[in-house]
Amino acid sequence: MQANATSAGPGSTAAVHNGDTVLNSNGANMVSEPVSNGEAARAAGPSSSDGIARNPRAKQLSQCDRDIVRLIGQHLKELGLNQTVEQLMLESDCRLEDPSASKFRSHVMAGEFNKAEEDLEELTPQMSCPQSLMKMKFLLLEQKYLEYLEETKILEALQCLRQELTPLKFNTERVHVLSGFLMCTSNEELHRRADWAGKGQASRIKLMEQLQAFLPPSVMLPPRRLYTLLSQAVELQKHRCPYHNTSIKNDDSLQTVSLLHDHICSRNQFPSKARQVLHDHCDEVWFCKFSPDGNKLATGSKDTTVIIWDVNKETLELKAVRTLEGHSYGVSFLAWSPDSKYLIACGPEDCSELWVWNVETGDSKTKISQSPEDSLTSASWNVDCKRFVSGGTRGQFYQCDLDGNVLDSWEGVRVQCLCMKGDTSTVLAADTHHRIRAYNFEDLTDQHVIQEDHSIMSFTISTNQRQALLSVAYQGVHLWDIKDKVLVRKFQGVTHGFYTIHSCFGGVNEKFIASGSEDNNVYIWHIKDEMPIAVLQGHTRTVNCVSWNPVLPNMLVSVSDDCTIRVWGPDDSDGDGSTEV
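Remember, it's a predicted structure, so these values are computed and weren't measured experimentally. (Residues numbered from 1 in each chain as written. Predicted model: local features only at pLDDT ≥ 70, side-chain atom pairs only at ≥ 80, totals over all residues. Heavy atoms only, no water.)

Colleague: What should I look at first to understand the overall build of the chain in this one?
Modeller: For the chain, the count of helices and strands is 11 helices and 30 strands. Buried positions account for 51% of the 581 residues belonging to the chain. When contacts within the chain are restricted to residue pairs at least 6 apart in sequence, long-range pairs at least 24 apart make up 50% of them. Carbon and sulfur atoms make up 47% of the accessible area of the chain, which totals about 27,300 Å². (Helix = DSSP H or I, 4+ residues; strand = E, 2+ residues; numbered from the N terminus. Buried < 20%, exposed > 50% of the residue type's maximum accessible area, 1.4 Å probe, protein only. Contact = heavy atoms within 4.5 Å. Areas by Shrake-Rupley, 256 points an atom, 1.4 Å probe, with all protein chains shown as cover.)

Colleague: So what exactly am I meant to see when it comes to the nonpolar core here?
Modeller: As a rule of thumb, nonpolar side chains are buried together in soluble globular proteins. Residues Val306, Leu318, Leu343, Ile344 and Leu354 are the most contacted members of the largest nonpolar core, which totals 46 residues. Filtering out sequence-adjacent residues up to four positions away, Leu354 remains in contact with Ile344, Ala345, Cys346, Thr366, Lys367, Ile368, Leu376, Ala379, Phe388 and Ser390. (Core = buried A, V, L, I, M, F, W, Y, C linked by side-chain atoms within 4.5 Å.)

Colleague: Sorry, what's going on with helix α2 (residues 63–78) here?
Modeller: Residues spaced three or four apart along an α-helix point in a common direction, a consequence of the helix completing one turn every 3.6 residues. In this model, α2 (16 residues) spans 23 Å end to end at C-alpha, consistent with the 22 Å of a helix rising 1.5 Å per residue. Of the positions making up α2, those classed as buried are Val69, Arg70, Leu71, Gly73, Gln74, Leu76 and Lys77. Tucked into the core, α2 has its buried residues touching α3 (82–92) and α11 (225–240). Trailing α2 by a residue or two, Gly80 shows a phi angle of about 85 degrees, which is positive. (Expected span 1.5 Å × (residues − 1).)

Colleague: Would you explain the sheet that holds strand β24 (residues 503–506) in this entry?
Modeller: Backbone-to-backbone hydrogen bonds pair the strands of a sheet. The strands run either parallel or antiparallel. What the 4 strands build is an open sheet, ordered β24-β25-β26-β27; its pairing is antiparallel. The open sheet terminates on both sides in strands that have one partner only, identified here as β24 and β27 (532–536). Sheet twist, expressed as the mean angle between neighbouring strand axes with direction ignored, is 20 degrees. (Pairing = 2+ DSSP bridges. Axes fitted to C-alpha atoms, helices over the stretch in contact; angles between N-to-C directions.)

Colleague: Could you clarify how one ought to interpret the pattern of salt bridges in this entry?
Modeller: Two side chains bearing opposite charge may form a pair once their charged atoms approach each other closely. Counted according to the given criterion, the structure contains 20 salt bridges. For Glu121, the salt bridge goes to Lys137, with nearest N and O atoms at 3.8 Å. You can see Glu121 sitting in helix α5 (residues 113–123) and its partner Lys137 sitting in helix α6 (residues 132–150), a full 16 residues away along the chain. A salt bridge links Glu353 to Lys367; its shortest N-O distance comes to 3.2 Å. With Glu353 in the loop between β9 (342–346) and β10 (354–358) and Lys367 in strand β11 (residues 363–368), this residue pair connects regions lying 14 residues apart in the sequence. When its relative accessible area of 46% is taken as the criterion, Lys367 is described as partly exposed. Salt bridges sharing common partners tie together Glu151, Lys153 and Lys199. (Salt bridge = Lys/Arg side-chain N within 4 Å of Asp/Glu carboxyl O.)

Colleague: It is not clear to me how the sheet that holds strand β6 (residues 306–312) should be interpreted in this structure. Could you clarify?
Modeller: Pairing is antiparallel across the open sheet formed by 4 strands, whose spatial order is β4-β5-β6-β7. Taken across any chain shown, the strands that pair with only one partner, and hence form the sheet edges, are β4 (285–290) and β7 (317–324). Between one strand and the next, the sheet's axes are offset by a mean angle of 25 degrees, whatever the strand orientation. Bridge count for β4 against strand β5 (residues 296–301) is 5 bridges, and the pairing is antiparallel. Each residue of the ladder has a partner; that of Phe287, found in β5, is Gly300.

Colleague: Is there a simple way to explain the packing of α6 against helix α9 (residues 187–194) in this structure?
Modeller: The interhelical angle for the contact between α6 and α9, taken along N-to-C directions, is 155 degrees, at an axis separation of 10 Å. Taken together, the axis directions place α6 and α9 in an arrangement best described as roughly antiparallel. Residues Leu146, Leu149 and Glu150 of α6 touch α9, and the partners they reach there are Asn187, Leu190, His191 and Ala194. Partitioned by chemical class, the residues of the contact of α6 with α9 number 4 nonpolar, 2 polar and 1 charged. (Parallel < 35°, antiparallel > 145°, perpendicular 65-115°, else oblique. Nonpolar A, V, L, I, M, F, W, Y, C, P; charged D, E, K, R; others polar.)

Colleague: For this particular structure, what's the right way to read the packing of α6 against helix α10 (residues 201–212)?
Modeller: In a pair of packed helices, the angle between the axes and the distance between the axes together describe the arrangement. Relative to each other, α6 and α10 sit at 170 degrees, their axes nearing to 10 Å. Taken together, the axis directions place α6 and α10 in an arrangement best described as roughly antiparallel. Residues Met136, Leu139, Leu140, Gln143 and Glu147 of α6 form the contact with α10, whose participating residues are Ser203, Arg204, Leu207, Gln210 and Leu211. Taken together, the residues that form the contact of α6 with α10 break down as 5 nonpolar, 3 polar and 2 charged.

Colleague: Would you mind going over unusual backbone geometry with me for this structure?
Modeller: Leaving glycine aside, a negative phi is the common case for residues, and trans is the common case for peptide bonds. Its identity as a non-glycine residue notwithstanding, Leu444 has a phi of 55 degrees, on the positive side. On the secondary structure map, Leu444 appears in the loop between β18 (435–440) and β19 (445–451).

Colleague: What is the right way to look at the packing of aromatic side chains in this model?
Modeller: Under the criterion given, the structure shown has 15 aromatic pairs. Plain terms: the ring middles of Phe270 and Trp548 are 6.0 Å apart, the flat faces sit at 75 degrees to each other, and that makes the pair edge-to-face. With a gap of 278 residues between them, Phe270 in the loop between α11 and β3 (273–278) and Trp548 in strand β28 (residues 543–548) connect regions that are remote in the sequence. Relative accessible area serves as the criterion here: at 0%, Phe270 is assigned to the buried category. (Phe/Tyr/Trp six-rings, centres within 6.5 Å; stacked < 30°, edge-to-face > 60°.)

Colleague: How should the pairing of strand β13 (residues 387–391) be read in this particular structure?
Modeller: Each regular strand shows side chains that alternate between the opposite faces of the sheet. The buried fraction of β13 amounts to 4 of the 5 residues, a majority that puts the element mostly inside the structure. Where strand β12 (residues 378–381) and β13 come together, 4 bridges link them in antiparallel fashion. Looking across to β13, one finds that Ser380 is bridged to Val389. In textbook terms, the turn of a hairpin is the stretch between consecutive antiparallel strands, and for β12 and β13 this stretch comprises 5 residues, one of which, Cys385, has a positive phi near 65 degrees. What sits between the antiparallel neighbours β13 and strand β14 (residues 397–401) is a turn of 5 residues, in which Gly395 has the positive phi angle 100 degrees.

Colleague: I tried to follow the pairing of strand β15 (residues 406–409) on my own but got confused; where do I start?
Modeller: Sheet topology note: the β14/β15 ladder contains 3 bridges and is antiparallel. Bridging from a neighbouring strand, Cys400 pairs with Val406 of β15. Between β14 and β15, which pair antiparallel one after the other, the connecting turn spans 4 residues, and Gly404 there sits at a positive phi close to 90 degrees.

Colleague: Sorry if this is basic, but what is going on with α3 here?
Modeller: Every buried residue of α3 is listed here: Asn82, Val85, Glu86, Met89 and Ser92. Projected onto a plane normal to the axis of α3, the buried residues spread over an arc of 150 degrees and lie on a single side. Along α3, the residues that are exposed and aim more than 90 degrees away from the buried face are Gln83 and Glu91. In the stretch just after α3, Asp93 is the one whose phi turns positive, near 60 degrees. (Arc of directions from axis to C-beta.)

This is the structure we're talking about:
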């Protein structure tokens, strides 16, 4: 049977190998030597019912093997190894893509959109959705229209808009937007308003990727399919790795790993070693918190002081830079402003005072003391850094400004702990009824969110504000979904009585949970596993609070009744800590 030659764009050559047209990297057809029809038929030998010449000496491959060959061929072609692809397809008796799809790709990449529209008629029987043809035509005509505009062919662009795009009666809203591009005074404005790269390979490759979505993989493989599958496999291995705690800034993450072995992180790469033990406080240390920018740490103690520490991001060590004094009842809670400039210090239950410090200058911005009967034990900042909320177990619940003026108050709410959400008006507050409710200071409404069986001693919410981490008396650490209002997980191992212990989210994408414990240990869990993946030992009394650096995922700090601050980081004593399996 005679092999069918495929048309090619200007200046390109074409050849047929077992019915396939081989394309070069820019989308044009490419062969090494032209072959006559008679020679092609003799070389191909027997043919199949679909009109494609077959290699009689080719090994019979399973469907899985044929798919793998096609994936390899596509990847080699993207690397420009076109002759290798030709030989691979010949020996395996496979074809990289349907001949009609190859022709369609060639015309699109060459900007021959009229021919590409004609090619769609051949591809229509292989489309699963009846609307696919219309959508593909629209995308082709949109590219054609934009290229006319860039070339300042206004009459041709108008003709395309009025006689080709509009009669489709498809996506009329987009057609109206496209018509507005006629008013663009420069190509730069056109590119910006259309979010379009301009005429050339970049925009046509993007167009081709959009068009491929409407064709089944048996006709045309999705772009970079092998690379996509490998990336998915690596990401799944990272997801299943209990200690994976590194972020890749480069989106092309496959370039940073080896595909020759499975991915698994060593525990040594995790915050597992006490890098520093600090004794600057002279009494029990009740609270610690990193600043949102990760550059500072604040610790509060029963010794009535707050110490501000600078973070050395290279060595993961702390250096005391300022001591804030005068908290006569001690400091049991700290809250950084979102801009890391101000710090709120609260005392224990019998403390009626609250301090707002300017961390940069070390000056007291304001001191709030509405009444000796107040109990201001918790606070949280508004995202505007100009307001904050505070409350306590004696029924005080205030919203204040930076000067200490009470802007709003909520009567009768006995607050254990609170946290302001990013919507600037909603405050989540745990009360003495073992529940968390949402209070809106703008319309003065409240609603139920979480109900526990025991006292909620403290809680924090995740950065995406979807999850809440609760420390529950006699129960331990519980993870809740705030939106769905369901208990997700109860973490095991920690010892928790009726003391206030603060837990936290941490690590890359907040995939980890850390908590102190009354058994003197620090517990760390993966957010998807109730059993601890690490238990950090070293403290000699109850660990009251832990804080994970929001910028440095390998830095964790814990504070204890033993008067010490421990900085936990990777264990560098064992090489790079990597493990292969």
